[in-house]
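Geometric and topological summary
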Amino acid sequence: MSRVQTIAVEPDEGGQRLDRWFRRRFPHVPQGRIEKMCRKGEIRIDGGRAKPATRVEAGNQIRVPPLPEPGETPKPVKSQVSKADAEMIREAVIWKDDFIIALNKPPGLATQGGSKQTRHVDGLSEALKFGFDEKPRLVHRLDKDTSGVLLLARTRQVAQGLTAAIRHRETRKIYWAVVAGVPRPYLGEIKYGLVKAPGGGKGQGEKMLCLHPRDVEQTPGAKRAITQYVTLYRVGERASWVAMEPITGRTHQLRAHMAEIGHPIVGDGKYGGSGQENLGDGWGAKLGGIISSKLHLHARMMRFEHPVTRELITVAAPLPEHMARTFETFGWTEDLAAEDPFEALT
């Protein structure tokens, strides 16, 4: 194991990504290790934290933490997953084969670690090896408070295939939500662009602002976003069961879009003003009474082509307890909706 080093970027090394610079200097260090060291702040540029994609420039001073020597076998790390957490994450498995694991992620469990997030799916996946040498890899994310289908790949090759399919929009994702009021028209498409609000942090601390599509190109950092929705059932004018398909995959896209059209997702304190009780006027993310104040957003279904067998796989996740109670209160049952409500309408 080497010691901490500080290495200057040579004139002919400038302009490339940090992870590529690192791999050229230390080819025996795997990409996953580099990404983890960046997340933990162990690799730094001129004393500051950096991401794997950060561009290095000539003269930058790169802090390199202790690394294993080429050919050195790293010491096995003892799993820190408690017995209770291991049982919980294994019970969340709703589908698996030799290549992919699908979870019904519980609400309140972060997908990855970050600021003040020490308990997350990525860490608990140590308990999901099921006889494999390596833990499965995340290929996409869900917000901490969003429940539902989350895929993990059991090999690096499968992870690359699934990540590419998601990036190129070759998968279908259907979300269910309970929203304030009744969206009209009942079937629609939301095209507001999204930009990070000033002063926000990263991950759960972020808040996105909606922009008219014509303003996206002129707004630094803004990205186009498209959400399709269909109103399935309603309770008077007070609340609705909505299915949504994100055509793009932006941070907090579904939550920001529904709030922008005047129908925030129930329990969404960030975008729906959870302190403002919905008194029947169709606004406010807190319905009150016996309705849970937790976020009512669930990744219900994911359909994808298996990267190895080429079969079309559909995985559906049952509702979390708090949403199931809300459905029971309103007289809704999961079988009232088609597996793919958008396909059923065409």
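Residues numbered from 1 in each chain as written. Predicted model: local features only at pLDDT ≥ 70, side-chain atom pairs only at ≥ 80, totals over all residues. Heavy atoms only, no water.

An unreviewed UniProt entry annotates the protein as Pseudouridine synthase of Marimonas arenosa. If you open the UniProt record of the protein and go to Function (unreviewed entry), you find "Responsible for synthesis of pseudouridine from uracil." (UniProt positions renumbered as here; feature names shortened; annotations may be inferred.)

**Focus: the UniProt feature "active site" (unreviewed entry) in the protein**
Taken from the UniProt record, the annotation "active site" (unreviewed entry) applies to Asp143. Within the element layout of this structure, aspartate 143 appears in the loop between strand E7 (137–138) and strand E8 (147–153). (Helix = DSSP H or I, 4+ residues; strand = E, 2+ residues; numbered from the N terminus.)

**Notes on the sheet that holds strand E4 (residues 61–64)**
Taken in spatial order, the 4 strands make up an open sheet running E1-E4-E2-E3, and their pairing is antiparallel. Both outer strands of the open sheet, strand E1 (5–8) and strand E3 (48–49), are each paired with one neighbouring strand and no more. Across 2 bridges, strand E2 (residues 44–45) lies against E4 in antiparallel orientation. Residue pairing across strands places arginine 44 opposite arginine 63, the latter belonging to E4. (Pairing = 2+ DSSP bridges.)

**Focus on the packing of aromatic side chains**
The tally for this structure, following the rule as stated, stands at 9 aromatic pairs. Ring plane angle 20 degrees and centroid distance 6.2 Å describe the contact between tryptophan 176 and phenylalanine 327, whose orientation is recorded as stacked. Of this pair, tryptophan 176 sits in strand E9 (residues 172–180) while phenylalanine 327 is found in helix H8 (residues 321–330), placing the two residues 151 residues apart along the sequence. Judged by relative accessible area, which is 2%, tryptophan 176 ranks as buried. (Phe/Tyr/Trp six-rings, centres within 6.5 Å; stacked < 30°, edge-to-face > 60°. Buried < 20%, exposed > 50% of the residue type's maximum accessible area, 1.4 Å probe, protein only.)

**Focus on the side chain of histidine 322**
Secondary-structure assignment places histidine 322 in helix H8. A polar side-chain atom of histidine 322 sits 2.8 Å from the main-chain carbonyl oxygen of leucine 295. What histidine 322 contacts, discounting residues up to four positions off in sequence, is Pro107, Ser292, Lys294, Leu295 and His296. (Polar contact = N/O pair within 3.5 Å; in protein donor to acceptor, adjacent residues only side chain to side chain. Contact = heavy atoms within 4.5 Å.)

**Here we look at helix H2 (residues 31–39)**
Taken as a whole, H2 has its buried residues at Gln31, Ile34, Met37 and Cys38. Around the axis of H2, the buried residues are gathered within 125 degrees of arc, so they sit on the same side. Buried residues in H2 make contact with helix H1 (18–25) and E3. Residue glycine 41 follows H2 closely and has a positive phi angle near 75 degrees. (Arc of directions from axis to C-beta.)

**Here we look at a positive patch on the surface**
Where like charges cluster on the molecular surface, the positive patch consists of Arg20, Arg23, Arg24 and Arg55. Among the secondary structure elements, arginine 23 is positioned in helix H1. Of the residues examined, arginine 23 reaches a relative accessible area of 34% and is grouped as partly exposed. (Patch = residues over 30% accessible without salt bridge, like charges linked within 9 Å, V, L, I, M, F, W, Y side chains within 5 Å. Areas by Shrake-Rupley, 256 points an atom, 1.4 Å probe, with all protein chains shown as cover. Salt bridge = Lys/Arg side-chain N within 4 Å of Asp/Glu carboxyl O. Lys, Arg positive; Asp, Glu negative; His and termini not counted. Charge placed at Lys NZ, Arg CZ, Asp CG, Glu CD.)

**Overview of the nonpolar core**
With 28 residues, the main nonpolar core has Ile89, Leu103, Val121, Met244, Met258, Ile265 and Leu297 as its most contacted residues. For this core, the elements supplying multiple residues, two or more each, are helix H3 (83–91), strand E6 (100–105), helix H4 (121–124), E8, E9, strand E14 (239–246), helix H6 (253–260) and strand E15 (297–305). Among the elements that make up this core, the one with the highest residue count is E9 (3 residues). Not counting the four nearest positions on each side in its chain, methionine 244 is found in contact with Lys173, Ile174, Tyr175, Ala177, Thr227, Gln228, Tyr229, Leu254, Met258, Ile265, Leu297 and Phe342. In terms of nonpolar packing, the next biggest core, distinct from the first, is built from 17 residues, Trp21, Phe22, Val64 and Leu67 among them. (Core = buried A, V, L, I, M, F, W, Y, C linked by side-chain atoms within 4.5 Å.)

**Considering the side chain of threonine 326**
Relative to the helices and strands, threonine 326 resides in helix H8. Using a relative accessible area of 2% as the deciding quantity, one classes threonine 326 as buried. The residues contacting threonine 326, other than those within four sequence positions of it, are Val178, Ile291, Ser292 and His296.

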